[in-house]
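Chain by chain, the residues:
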Amino acid sequence: MLAFPKLLSSYFFATLFLICCGSSIDCTFAEDSPQFRGADARGVSDNPSLPVRWSETENILWKQPISGRGWSSPITFGNHVYVTTVTQLDGKPEDAKPGLYFGGDRKKPEESVHEWNLQCFQLSDGKPLWKKTLHKGKPATPRHIKNSYASETPVTDGEHIYALFGDVGLYCVSKSGELVWSKELPPCKTRYDWGTAASPVLHGDRLYFVSDTEEQSYIAAIDKKSGEEIWRKNRAEGSNWATPFIWQNKLRTEIITPGTGKIRSYDLDGKLLYEFGGCSSITIATPYTAHDLLYVSSGYVLDKKKPIFALKPGAKGNISLSDKETSNEFIAWCQKQEAPYNPSTLVYKDQLYVLQDRGFLTSFNAKTGEEIYGRKRLPSQAFTASPWAANDMIYCLNEFGETYVFQAGKEFKLLHTNKLETKGLSMSTPAMVDGRLLLRTAENLYCIGKNVSN
């Protein structure tokens, strides 16, 4: 139903700056993935060591079981991999069906005690290093059957990991697994009791997060060292599941917050810079930037409005398009009926790729919005995780643990299908780090890389 990882999903952190400047932070590896879809939230890597083919018996460097359920993505810094999960201590969560369907709403929370955990593994060999229980108790709110209580992807600056559980709390944990501070969050009513999913983002010494609910929506800035709230701004929004994005463009730094009512931009002190409407009634996808443009999308499958926007820097006020417009002074282009529902879009080189939940791939010119090829049918019809790109290939992971590898470019061409064996769903967006792919299924965390023994 929802993409929670996505969903979730984006963040900004200059890890390469830390490496180049000789930071004392543990930088064992040259490429880190400290947030959803990597350091720039784009899901793109050109590391030539990344594998193209894998299976349960091919190019698996290590595999570790993960207890409980969570659709958050794995993140990394140095030789550490971090994942969040929530474990039901008595029994197990109800199994979800793949694909989009009605009837997954649950009006009552689980009655059994749960544990909200942050786990750390060693990137080099998968060795479990520590597990920190951050909260324990009965859930205060229900969840959609395809959501989880750990759908928000954590974010790290290398020294600390910041884990958000939308209606439980925000937590700061040291890289050795010690709780530094915590901020309790009240249970929040979401539309149809679907639950929360929007992840936190880091910029400088501040942590930003959005809580869009049916009761009181807001965006907040938190001091990452102390956990103290710096500012909070109420938002005229209902429930949304999109992660904000810190856009550092040539003119300024701003916080982009996708919404159902409006997409809004704030400065780092919470002042509204501009806004615009025309969105879908459910907003999930994570924004990102490429070619000096900002890409934002919103695409509930049953809506007529499924827009993809490409924005120029410098906007102010209300920049909404009229019904007949597809561009204006600050909106470079808009495709009004092409956005996906759960996955975020992907820009790789000069093309924008759209992975539809029901199994279609479309491509547009990332700079102009012109169609390169229309909807092409994929072999499967259930996609939640966002696509990623590397070395002239596009990767699309379905809910059955199958990854389809396509040739990047103007021709639609399926190259490979890679399958992992999973009993539950695969809804978490993978992370790429130093020539390896970290792929989370319902039961396991895989580290996939070129195995010289194969």
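Remember, it's a predicted structure, so these values are computed and weren't measured experimentally.

## Observations concerning the overall build of the protein chain
Per the secondary structure count, the protein chain includes 1 helix and 34 strands. Relative to its length of 454 residues, the protein chain is compact, with a C-alpha radius of gyration of 20 Å against a globular reference of 22 Å. Considered along the principal axes of its C-alpha atoms, the protein chain spans approximately 55 × 50 × 50 Å. When burial is assessed residue by residue, the protein chain has 62% of its 454 residues classed as buried. When the accessible surface of the protein chain is split by element, carbon and sulfur atoms take 48% of a total near 16800 Å². Charge-centre separation for the protein chain: the mean point of 53 positive side chains lies 3 Å from the mean point of 51 negative side chains.

## Observations regarding the pattern of salt bridges
Opposite charge on two side chains permits pairing when their charged atoms draw close. Applying the stated criterion across every chain yields a total of 21 salt bridges. For the salt bridge of Lys63 with Glu56, the shortest nitrogen-to-oxygen distance reads 3.2 Å. Since its relative accessible area comes to 38%, Lys63 is described here as partly exposed. In this structure Glu56 comes out as partly exposed when scored by relative accessible area, which is 22%.

## Structural notes on the sheet that holds strand β15 (residues 245-248)
The strand order across the open sheet formed by 5 strands is β15-β16-β17-β18-β22, and the pairing between neighbours is mixed. Strands with a single pairing partner mark the edges of an open sheet, and in this sheet they are β15 and β22 (317-318). Pairing between β15 and strand β16 (residues 253-257): 4 bridges, direction antiparallel. Bridging across to β16, Ile246 finds its partner in Ile255.

## As for the pairing of strand β10 (residues 179-184)
Both strand β9 (residues 169-174) and β10 contribute to a ladder of 5 bridges, which runs antiparallel. Bridge pairing links Leu170 to Lys183 in β10. With antiparallel pairing between neighbouring strands as the criterion, β9 and β10 make up a hairpin whose turn holds 4 residues, including Gly177 at a positive phi of roughly 95 degrees.

## Structural notes on the environment of Gly401
Note on placement: Gly401 falls in the loop between β29 (393-397) and β30 (402-407). Remark: the alpha-carbon pair of Gly401 and Leu425, spanning 24 residues in sequence, is separated by 7.3 Å. Those residues within four positions of Gly401 in sequence are excluded, and the remaining contacts are Asn418, Lys419, Leu420, Thr422 and Ser426.

## Observations concerning the sheet that holds strand β26 (residues 360-365)
Strand order in this open sheet of 4 strands is β24-β25-β26-β27, and the pairing throughout is antiparallel. This sheet does not close on itself; its edge strands, each paired only once, are β24 (346-348) and β27 (371-377). The average angle at which neighbouring strand axes cross in this sheet is 20 degrees, direction not considered. As paired strands, β24 and strand β25 (residues 351-356) are joined by 3 bridges and run antiparallel to one another. If you follow Tyr348 over to β25, its bridge partner there is Gln351.

## Considering the side chain of Thr153
With respect to the element layout, Thr153 can be found in the loop between β6 (128-137) and β7 (155-156). A relative accessible area of 0% places Thr153 in the buried class. A polar side-chain atom of Thr153 sits 2.9 Å from the main-chain amide nitrogen of Ser73.

## Some thoughts on the state of the cysteines
This structure, assessed with the given rule, holds 0 disulfides. Counting only cysteine sulfurs, Cys447 is the nearest neighbor of Cys120, a cysteine outside any disulfide, at a range of 14 Å. Free cysteine: Cys172, not disulfide-bonded; nearest cysteine sulfur from Cys120 at 14 Å.

Analysis parameters
- Residues numbered from 1 in each chain as written.
- Predicted model: local features only at pLDDT ≥ 70, side-chain atom pairs only at ≥ 80, totals over all residues.
- Heavy atoms only, no water.
- Helix = DSSP H or I, 4+ residues; strand = E, 2+ residues; numbered from the N terminus.
- Rg over C-alpha atoms; globule rule 2.2 N^0.38 Å.
- Buried < 20%, exposed > 50% of the residue type's maximum accessible area, 1.4 Å probe, protein only.
- Areas by Shrake-Rupley, 256 points an atom, 1.4 Å probe, with all protein chains shown as cover.
- Lys, Arg positive; Asp, Glu negative; His and termini not counted.
- Charge placed at Lys NZ, Arg CZ, Asp CG, Glu CD.
- Salt bridge = Lys/Arg side-chain N within 4 Å of Asp/Glu carboxyl O.
- Pairing = 2+ DSSP bridges.
- Contact = heavy atoms within 4.5 Å.
- Axes fitted to C-alpha atoms, helices over the stretch in contact; angles between N-to-C directions.
- Polar contact = N/O pair within 3.5 Å; in protein donor to acceptor, adjacent residues only side chain to side chain.
- Disulfide = S-S within 2.5 Å.

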